[in-house]
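So the chains spell out like this:
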Amino acid sequence: MERRTRVRFAPSPTGPLHMGGVRTALYNYLYAKQRGGDFIIRIEDTDSHRFVPGAEEYIIEALNWCGIIPDEGVDENGKVVETPSERHPHAPYRQSQRRGIYKQYADQLIASGNAYYAFDSSEELDAKRAECEAAGQTFIYNQLSRMSLRNSLTLPAEETERLLRETTDWTIRFKMPQDTVVKMDDLIRGHVEINTDTLDDKVLWKRADELPTYHLANIVDDHLMEITEVIRGEEWLPSLPLHYLLYKAFGWEETQPRFAHLPLLLKPVGNGKLSKRDGDKMGFPVFPLNWINSEGETYHGYREDGYFPEAFVNLLAMLGWNPGTEQEIFSMKELIDSFSIDKVSKSGAKFNPEKARWFNKEYLRMRSDEDLASAFLPVLESKGIKADPDYVKDVISFTKERATFVTDFWTIASYLFVSPKDFEAYGIKAGASVEPQAADNRRQPDPRAKVFDDTLTAPFLAKDVDKFWKPEIVELVLKVSEYVNAYDGEWSVQAVGAAVEDYIRTNEWPMGKVMNALRLALAGSASGLGIADIIARIGKGETASRIAFAASRLS
RNA sequence: GGUGGGUUCGUAUAACGGUUAGUACCCAGGAUUUUCAUUCCUGUAAUAGGAGUUCGAUUCUCCUACCCACUACCA
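Sequence order as written defines residue numbering, which begins from 1 separately in each chain. The lettering of chains begins at A and the numbering of ligands begins at 1, in the order of writing. It should be noted that, the model being predicted, local features are given only for residues of pLDDT at least 70 and side-chain atom pairs only at 80 or more, the latter also being counted only at that level, while totals for whole chains, interfaces and linings use all residues. The side-chain numbers reported here are obtained from all heavy atoms of the structure, hydrogens and water having been left aside.

A.B. asks: I keep staring at helix 18 (residues 511-523) and nothing clicks. Help me out?
C.D. replies: Residues separated by three or four positions in an α-helix point in the same direction, a consequence of the helix having 3.6 residues per turn. The end-to-end C-alpha distance of helix 18, which contains 13 residues, comes to 17 Å, matching closely the 18 Å that a straight helix rising 1.5 Å per residue would cover. Burial classes follow relative accessibility: with a 1.4 Å probe on protein chains only, a residue under 20% of its type's maximum area counts as buried, one over 50% as exposed, and anything between as partly exposed. The helix count covers DSSP runs of H or I at least four residues long, the strand count covers runs of E at least two residues long, and both are numbered beginning at the N terminus. Counted residue by residue, helix 18 has 10 buried out of 13 residues, so it is predominantly covered. Turning to helix 18, its buried residues number three or more, namely Val514, Met515, Asn516, Ala517, Leu518, Arg519, Leu520, Ala521, Leu522 and Ala523. One or two residues past the end of helix 18 sits Gly524, with phi positive at roughly 85°. How far a helix is expected to stretch is found by multiplying one less than its residue total by 1.5 Å.

So, in structure tokens, the structure goes:
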């Protein structure tokens, strides 16, 4: 029997979705789309205590930004889906709104002898755990211990009846079979076996809030929603036997989904999985979008940090999966075409922020100058600059290869928009020396850190001034300025560049020294764009005035 | 502690019993350039350790080590 492929991404709204979660969603999406199947989003909010306002909206928006569009789910064009429709036949997709349907399944398990009522309070269990721990053991609610605890297996029927009626903090637990080997298959890991004696009697349903726990809700919903493959994080592998047993207890083996457990995303240095703090410590985002927590702290997002969604998706796709070829750049469509679950690796992948930037750089280069210009205009506006779109496009066309992010154009070419005048504001005086930068580039934080200053001008670096701004060279630079001012040939980068170069060469001046000093005066730094590129764009007057200004301030 | 999963250059990975163990990022050097960047070329660098199976193991089996996850009335 061939079933239509249906997969789901089932996050819990307990906070912002981090990049590992996005990757899980992406792999599900790719898997479904390749097979012409459905990708469903279901919100697993059965833990009322851990609910975080805004988290669900964040998840939807993040996936949307990535271009991971669900076929069915909690949201339809910003409107919450509450009732079943042709497009969303299994609505609602939020488990808290499905609470009515789970109890009957728990009851079914009780009736079939696969589950039982447990009356131990959390306090009692906590005490038991503490007790065992003190004795150097671990308390497990399982086939051994359940016979000495308060539940429907040990209590007389009348007492069970009474407690069910009169108390409200009982639970329904799964009755784990004894000494049974559960044989499981994982699409990524292959065959896995485990003996049930090492497993415990998981809580399936809680009377206190009349809600199922993850395990019950998950299996019931996957069954009801006709899910064919469950692709989720490796942290779920240990509960796979329980899930297998649950399908069996319900008699749903025929339509039980196949499982794939994805490797974890690890932090770039050291050990352990990527956590929300890592990003801010190491200068890269861990989240797709910015997130402000209840304490008002902001966590960086890829979107706000200037990543293109295509680049983000691409880099996530390559973290734990590879196509078996040497292709690294993939559009979403190409990913859909070439994705295969058996090429997903088994081991955890350390995230590499440098490679992430490289991906963005590649995508920036693929963008048209028009697109980049329209993305860069708001950046200019935020600096109080109103620029001509055509001029901006022109600037981008020859600075594109130097940029990784759109905001880089400001660092690279700010002096094509404003004059580098206010160098004293940087506390740098001519002749002052600057400490050399730390040498180990491999461990350097995000080099864009200095990009986001509020200044309108580029600083004169003292080391450049020391090196290039010598009185005898300044003389020559002033001469070049006069020459440019008097130049009346064709005004193009090529022509002006050739003319200036000829002029310096004919006079037999030191080309390097004059050019660098020139750049220092025009750009505020001895390294940067070509002299001709600058002069041709800022024009004669601005060229003359920048040189005059620099000469007056730095001599 | 118990159970499960994992282990190829610094990182991501390729090689599904036979290769000089490949590629990309990073790093280093060189060429080009008025500087920086780009581009191009070159280079450094890995099969965790030990047994076994085999004519031959990165690849299969076992042991050890290390890493990770799980071990909640959380997902």
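On we go.
A.B. asks: Would you mind showing me how to read the sheet that holds strand 9 (residues 203-206) here?
C.D. replies: Strand pairing within a sheet occurs via backbone hydrogen bonds; the two strands may be parallel or antiparallel. Within the open sheet, the four strands sit side by side as 5-6-9-10. Their pairing is antiparallel. Pairing within the sheet leaves two strands with one partner each, and these edge strands are strand 5 (115-118) and strand 10 (211-212). At least two bridges found by DSSP between two strands is the condition for calling them paired. Bridge count between strand 6 (residues 171-174) and strand 9: three bridges; the pairing is antiparallel. When the bridges of strand 9 are listed, Thr171 appears paired with Lys206. Any pair of residues with heavy atoms lying within 4.5 Å of one another is described as a contacting pair. Between the N-to-C directions of two axes lies an angle of 0 to 180 degrees, each axis being a line fitted to C-alpha atoms and, for a helix, fitted only over the stretch in contact. Across the sheet, helix 3 (residues 102-111) is in contact with strand 5, strand 6, strand 9 and strand 10; its angle to strand 5 comes to roughly 105°.

A.B. asks: Could you clarify how one ought to interpret the packing of aromatic side chains in this entry?
C.D. replies: The geometry of an aromatic ring pair is captured by the separation of the ring centres together with the interplanar angle, meaning the angle of the planes. Classification of ring pairs rests on two measures: the distance between centres of Phe, Tyr or Trp rings, Trp counted by its six-membered ring, which must be within 6.5 Å, and the angle between planes, read as stacked under 30 degrees, edge-to-face over 60 and tilted in between. Scanning the entire structure with this criterion turns up 29 aromatic pairs. With 4.8 Å between their ring centres and 65° between their planes, Tyr302 and Tyr307 make a pair best called edge-to-face. Here Tyr307 falls in the buried class, since its relative accessible area comes to 5%. Three or more aromatic residues joined by ring pairs form one cluster here, namely Trp65, Tyr302, Tyr307, Phe312 and Phe405.

A.B. asks: Just to check I follow, could you spell out the pairing of strand 11 (residues 229-233) for this structure?
C.D. replies: Side-chain positions along a regular strand alternate between the two faces of the sheet. Burial analysis of strand 11 places five of its five residues in the buried class, which makes it a mostly covered element. Bridging between strand 11 and strand 12 (residues 258-262) involves five bridges; their strand directions are parallel. Directly across from Val230, in strand 12, lies its bridge partner Phe259. Whether a crossover is right-handed depends on one test, that the path from the first strand over the helix to the second runs clockwise when the strands point away from the viewer. The parallel pair strand 11 and strand 12, bridged by helix 7 (residues 240-250), forms a crossover whose chirality is right-handed.

A.B. asks: What's the story with the protein's contact with RNA strand B in this structure? I'm lost.
C.D. replies: Only a single heavy atom is needed: when it lies within 4 Å of a molecule or strand, its residue is near that molecule or strand. Taken together, 63 residues sit near RNA strand B, with Arg189, Asn322, Lys355, Arg402 and Gly528 positioned nearest. When atoms of RNA strand B within 4 Å of the protein are split into backbone and base, the sugar-phosphate part holds 73%. Contacts described as polar in this section are N or O atom pairs within 3.5 Å, which, within protein, must combine one atom able to donate a hydrogen with one able to accept it, while residues neighboring in sequence count only if both atoms come from side chains. Within the backbone of Met318, a nitrogen or oxygen atom sits 3.4 Å from a sugar or linking oxygen of RNA strand B. Residue Arg365 places a side-chain N or O atom 3.0 Å away from a sugar or linking oxygen belonging to RNA strand B. Counting only elements with at least two residues in the surface near RNA strand B, the list comes to helix 4 (122-134), strand 6, strand 8 (190-195), strand 9, strand 16 (349-350), helix 11 (353-366) and helix 18. Throughout this entry, Asp, Glu, Lys and Arg are counted as charged residues, while Ala, Val, Leu, Ile, Met, Phe, Trp, Tyr, Cys and Pro are counted as nonpolar. The remaining residues, Gly among them, count as polar. Of the residues contributing to the surface near RNA strand B, the split by class is 17 nonpolar, 21 polar and 25 charged.

A.B. asks: It is not clear to me how the nonpolar core should be interpreted in this structure. Could you clarify?
C.D. replies: If you look at soluble globular proteins, the nonpolar side chains tend to sit buried side by side. Throughout this description, the term nonpolar core refers to a set of buried Ala, Val, Leu, Ile, Met, Phe, Trp, Tyr and Cys residues connected via side-chain atoms within 4.5 Å. In terms of nonpolar packing, the biggest core is built from 99 residues, with Met19, Phe39, Leu216, Phe250, Phe312 and Phe351 touching the most fellow members. Discounting chain neighbours no more than four positions away, the residues touching Phe39 are Val7, Phe9, Ala25, Asn28, Tyr29, Ala32, Ile68, Ile69, Pro70, Asp71 and Glu72. Among the nonpolar cores identified, the runner-up in size contains 57 residues, and Phe376, Ala413, Val418 and Trp469 belong to it.

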